Amino acid sequence: MVKVKWPNDVLIPGEGKIGGILIENTFSGNSWEHAIVGVGLNINQKSFLNIKATSLAKITENIFDLNELFRVLITRIEQSYLSLKRGKEKEIKNAYLNHLYLREQRAPFESKGEKFWGEITGIDSFGKLIIRLDSGEIQNFDLKEVMFLE
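This is a predicted model, so every value here is computed, not measured.

**So, the pattern of salt bridges**
When the charged atoms of two side chains with opposite charge come close together, those side chains can pair. In this structure the tally under the stated criterion is five salt bridges. In this structure, the salt-bridge partner of Asp9 is Lys17, at a minimum N-O distance of 3.0 Å. Glu119 serves as the salt-bridge partner of Arg132, at 3.1 Å between the closest nitrogen and oxygen. One end of the pair, Arg132, is in strand β7 (residues 129-133); the other, Glu119, is in strand β6 (residues 114-123), and 13 residues separate them in sequence.

Structure representation (structure tokens):
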């Protein structure tokens, strides 16, 4: 199953990183104006300098029609956008959480030079990663405040 490794990697556990998502938000004062979203996917590549990367072609041993994949991807993005417009934020967040890499699994992390074990429980309303430490304490981590140790 495809997973999202917070904050922006798309991966297939056991295979490697297959892509990424970049989002640039624009704010006016305290109000959100718009977002620009970029999606990068490794489709037909067969070899990589980064041994942790993979592609659809490498996993399936097939070559894909890029135009057809683009059509499928843009259709799914549009469906999600229309769901968002219909107020389905909770359903979208649940789908995201169901694909969140290492959610509800004990895993090693590092923050500010300190290594620790914890369990990802979700994402807060600001997009921070929520981790329950082995001590039971809940901590929220912003971008670049925590690293996955694998």
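On we go from here.
**Quick look at helix α2 (residues 66-85)**
Spanning 20 residues, α2 covers 28 Å between terminal C-alpha atoms, matching the ideal 28 Å at 1.5 Å per step. Between the side-chain oxygen at the start of α2 and the backbone nitrogen of Asn67 there is a gap of 2.9 Å, and the oxygen is on Asp65. Gly87 sits one or two positions beyond α2 and adopts a positive phi of about 80°.

**A few points about the nonpolar core**
In terms of nonpolar packing, the biggest core is built from 17 residues, with Phe109, Ile120, Leu129, Ile131, Val146 and Phe148 touching the most fellow members. Put simply, the parts of the chain that give this core at least two residues each are β5 (106-111), β6 and β7. When near neighbours in sequence (up to four residues on either side) are disregarded, Ile131 contacts Phe109, Phe116, Gly118, Glu119, Ile120, Glu137, Ile138, Gln139, Phe141 and Val146.

**Observations concerning unusual backbone geometry**
Omega for the bond connecting Trp6 with Pro7 falls within 30 degrees of zero, at 5°, which places this linkage in the cis form. On the secondary structure map, Pro7 appears in the loop between β1 (3-5) and β2 (9-12). Although it is not a glycine, Lys112 sits at a positive phi angle of roughly 55°. The topology assignment puts Lys112 in the loop between β5 and β6. Take Lys112: its relative accessible area is 80%, and that puts it in the exposed class.

**Let's talk about the sheet that holds strand β3 (residues 16-28)**
Strands in a sheet are paired, the pairing made by backbone hydrogen bonds, and the direction either parallel or antiparallel. The strand order β1-β2-β3-β4 describes an open sheet built from four strands, whose pairing is antiparallel. Where the open sheet ends on each side, the last strands, each with one partner, are β1 and β4 (31-41). With strand direction ignored, the average angle separating the axes of adjacent strands in the sheet is 30°. Relative to β4, β3 runs antiparallel, the two sharing 10 bridges. Considered in β4, the bridge of Gly19 is made with Leu41.

**A word on the sheet that holds β5**
Taken in spatial order, the five strands line up as β8-β7-β6-β5-β9 in an open sheet, and their pairing is antiparallel. Both edges of this open sheet fall to β8 (138-141) and β9 (147-148), since each of them pairs with a single strand only. Note: β6 against β7, five bridges, orientation antiparallel. Looking at the pairing, Gly118 lines up with Leu133 of β7.

Conventions and cut-offs
- Per chain, residues are indexed from 1 in the order of the written sequence.
- Local features in a predicted model are, by the rule used here, given only for residues with pLDDT of at least 70; side-chain atom pairs are given and counted only at 80 or more, and totals for whole chains, interfaces and linings are based on all residues.
- As a rule here, side-chain values come from all non-hydrogen atoms in the structure, and water together with hydrogens is ignored.
- The term salt bridge refers to a side-chain nitrogen of Lys or Arg lying within 4 Å of a carboxyl oxygen of Asp or Glu.
- Each helix is a run of DSSP H or I of at least 4 residues and each strand a run of E of at least 2, with the numbering of both proceeding from the N terminus.
- Here a helix's expected span is defined as the number of its residues, less one, multiplied by 1.5 Å.
- Under this definition, polar contacts are N or O atom pairs within 3.5 Å; protein pairs additionally need one hydrogen-donor-capable and one acceptor-capable atom, and for neighbouring residues in sequence, both atoms have to be side-chain atoms.
- Residues belong to one nonpolar core when they are buried, are Ala, Val, Leu, Ile, Met, Phe, Trp, Tyr or Cys, and are joined through side-chain atoms within 4.5 Å.
- Burial here depends on accessible area, computed with a 1.4 Å probe over protein chains only, as a share of the maximum for the residue type. Under 20% is buried, over 50% is exposed, and the range in between is partly exposed.
- Here a residue-residue contact requires only that any non-hydrogen atoms of the pair lie within 4.5 Å.
- Pairing between strands is defined by DSSP: at least two bridges between them are needed.
- Between N-to-C directions, angles cover 0 to 180 degrees, with each direction set by a line fitted to C-alpha atoms, over the stretch in contact for helices.

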